[in-house]
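Per-entry structural report
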Amino acid sequence: MQTLRDALRQAEQRGAAIGHFNVSDLVLLKGVFTAAQELKVPVIVGASEGERSFMGVRQIAALVKSLRDEFDYPIFLNADHTHSLAGAEEVARAGFDSVVFDRSALPREENVRQTREAVTTLKAIHPSILVEGEIGDIGSGSEIHDAMPEPGKGLTTPEEARQFVEETGIDILAPAVGSMHGMSRSMVQGESKQHLDIERIAAIRKAARVPLTLHGGSGTDDDDFRKAIAAGISIVHINTELRVAWRRSLESSLAGKPDQVVPYQILPPVVESVREVVKSRLQLFNNAQSSR
Ligand SMILES: [Zn+2]
């Protein structure tokens with residue numbers, strides 16, 4: 001069975017990025033998996049601390065593993081934004097493929113110290129787990145914001161990226177390159193798009209020498225995605241776009257069947273709308289042209 005490390009290497013070789021989609025329930029997981037399966041591309045399922053506490057750490061691990069085993073499929077599980085070592089150890093024991101150990105809100109030295117400790121501790125539990133570290137400000141909350149915070153302030157520099165990777169031993173880096181978690185109302189309406197600092201991505205990838213993750217991908221301009229992947233982004237996180245599709249289609253399915261109480265009669269259109277969003281994003285991430 002392919003490992004996440006192999007899948008990342010192969011994605012980089014073909015100038016593609018692996019899509020990472022957060023799930024909170026079986027509807028979202030089905031939508032993500034069926035879209036990936038249709039396109040025959042690897043996919044990462046993400047579960048943040050909130051999503052894991054709702055679904056159960058071992059329960060989401062078992063669900064993803066069951067899809068991987070039954071369909072012999074490269075579907076991977078990531079513990080998104082994990083803020084404590086105890087939480088990271090729990091997912092390592094549950095067999096997650098990767099963990100985003102996020103102490104980026106701390107002063108730099110403390111972020112370095114705790115991330116280095118996490119790398120050592122987690123690999124002792126689960127040697128093939130990949131640890132992602134984070135520096136810079138990429139906002140918080142994959143939800144709809146009245147206004148997006150200004151991304152200009154906490155952008156990562158190539159030198160910061162190089163030092164952080166060397167000092168911590170992380171496998172993957174999440175830099176701040178212009179994207180922010182969540183979407184503004186105008187982004188949800190399709191009236192505005194998020195833009196990325198492509199030159200910064202290329203310089204960080206060269207300096208850091210590890211795969212890079214783009215967090216907060218929802219609402220990003222398609223052409224910026226293509227260029228960012230060609231410049232060195234290997235994983236793209238999408239969450240808010242799925243949540244918007246989930247809620248809208250759930251509301252319309254309920255409204256269309258006011259007397260229906262059978263969940264499996266109400267929920268298939270919601271799976272379908274999530275699948276459509278995931279499929280269009282995966283097509284974009286996997287057809288990006290490489291300049292590397
Ligand atoms: Zn994120």
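Details of the structure are given in the entry above.
Structural notes, computed from the coordinates. (Residues numbered from 1 in each chain as written. Predicted model: local features only at pLDDT ≥ 70, side-chain atom pairs only at ≥ 80, totals over all residues.)

The subject of this paragraph is the overall build of the protein chain. Tallying secondary structure elements over the protein chain gives 13 helices and 10 strands in all. Expressed along its principal axes, the backbone C-alpha trace of the protein chain runs to roughly 60 × 40 × 35 Å. The buried share among the 292 residues of the protein chain stands at 49%. Taking the intrachain contacts of the protein chain between residues at least 6 apart in sequence as the baseline, contacts between residues at least 24 apart amount to 72%. (Helix = DSSP H or I, 4+ residues; strand = E, 2+ residues; numbered from the N terminus. Buried ≥ 20, exposed ≤ 12 C-beta atoms within 10 Å, placed from the backbone. Contact = placed C-beta atoms within 7 Å.)

The subject of this paragraph is the nonpolar core. Side chains that are nonpolar tend, in soluble globular proteins, to be buried together. Counting 80 residues, the largest nonpolar core has V32, V45, V99 and V274 as the members making the most contacts within it. When sequence neighbours within four positions are dropped, the list of residues in contact with V274 reads V27, L28, G31, L242, A245 and W246. (Core = buried A, V, L, I, M, F, W, Y, C linked by C-beta atoms within 7 Å.)

Turning to the environment of N111, a few remarks are in order. Mapped onto the elements, N111 comes out in helix α6 (residues 108-125). Residue classification places N111 among the buried positions, given that 21 C-beta atoms sit within 10 Å. Each C-alpha atom of the pair N111 and F164 lies 9.1 Å from the other, and the pair is 53 residues apart in sequence. Once residues within four sequence positions are removed from consideration, N111 is found in contact with R103, S104, L106 and I135.

It is worth spelling out the pairing of strand β10 (residues 233-238) at this point. Among the six residues in β10, six count as buried, and that is most of the element. Alignment of strand β9 (residues 212-214) against β10, held across three bridges, turns out to be parallel. Looking across to β10, one finds that L214 is bridged to V236. Considered for its hand, the β-α-β crossover made up of β9, helix α10 (residues 222-231) and β10 is right-handed. (Pairing = 2+ DSSP bridges. Right-handed = clockwise from strand over helix to strand, strands pointing away.)

Helix length check: helix α11 (residues 240-256) (17 residues) gives 24 Å between terminal C-alpha atoms against 24 Å at 1.5 Å per residue, within 8%. Buried within α11 we find T240, E241, L242, R243, A245, W246 and S249. Each element contacted by the buried residues of α11 is listed here: β1 (18-22), α2 (26-39), β8 (183-184), β10 and α13 (268-287). (Expected span 1.5 Å × (residues − 1).)

Turning next to helix α5 (residues 85-93). Listing the buried residues of α5 in full gives A88, V91 and A92. One side of α5 carries all its buried residues, which in axial view fall inside an arc of 105 degrees. Looking at the buried positions of α5, the neighbouring elements they touch are α4 (57-71), β3 (75-82), β4 (98-101) and α6. After α5 finishes, the residue G95 shows a positive phi value of roughly 90 degrees. (Arc of directions from axis to C-beta.)

Our next topic: the pairing of strand β5 (residues 130-134). With five of its five residues buried, β5 lies for the most part within the structure. As defined by bridge partners, β5 adjoins strand β7 (residues 172-174) across three bridges and the pair is classed as parallel. What sits directly across from E134, in β7, is A174.

Attention now moves to the environment of A203. Along the chain, A203 turns up in helix α9 (residues 198-208). Given 20 C-beta atoms within a 10 Å radius, A203 is considered buried. Separated by 45 residues in sequence, A203 and P158 have C-alpha atoms that sit 5.8 Å apart.

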